[in-house]
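Here is what each chain is made of, one letter per residue.
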Amino acid sequence: MHAEKLSGQDDDLERDVDAVIVSCDGDARAAVRALIVQLAYLEREIQHFRVAVSSGFSRQWHHKR
């Protein structure tokens, strides 16, 4: 059962990888660039929310990282 679940996750990952490459007209380099840009955006969002969320509310979760 566990191996089947991992296989399904691998299939999902492969499908997602293919979708990103297709969205960049088959250019793998452009796909990597797009993912790096998205990652940087999400990291900035995390920083923004760390400032916005009080340490009491988050029980200082973000200070432990």
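Residues numbered from 1 in each chain as written. Predicted model: local features only at pLDDT ≥ 70, side-chain atom pairs only at ≥ 80, totals over all residues. Heavy atoms only, no water.

Chemist: Teacher, can you tell me more about the confidence of the model for the protein here?
Modeler: Atomic detail in the predicted coordinates should be set aside for any region of low pLDDT. Within the protein, residue pLDDT values average 84, and 72% of them lie at 70 or more. Within the protein, the element-level pLDDT minimum falls on helix α3 (residues 61–64), averaging 59, and the maximum on helix α2 (residues 28–52), averaging 93. (pLDDT = per-residue confidence, 0-100. Helix = DSSP H or I, 4+ residues; strand = E, 2+ residues; numbered from the N terminus.)

Chemist: What is the right way to read the environment of D18 from this model?
Modeler: Mapped onto the secondary structure, D18 falls in helix α1 (residues 2–23). For the pair formed by D18 and A28, sequence separation is 10 residues and the distance between their alpha carbons is 9.6 Å.

Chemist: I would appreciate a short explanation of the environment of V17 in the present structure.
Modeler: Relative to the helices and strands, V17 is located in helix α1. The exposure class of V17 is partly exposed, given its relative accessible area of 36%. (Buried < 20%, exposed > 50% of the residue type's maximum accessible area, 1.4 Å probe, protein only.)

Chemist: Before we go on, may I ask you to explain unusual backbone geometry in this structure?
Modeler: A negative phi angle characterises most non-glycine residues, just as the trans form characterises most peptide bonds. The phi dihedral of D25 is positive, around 55°, even though this residue is not glycine. For D25, the location among the structural elements is in the loop between α1 and α2.

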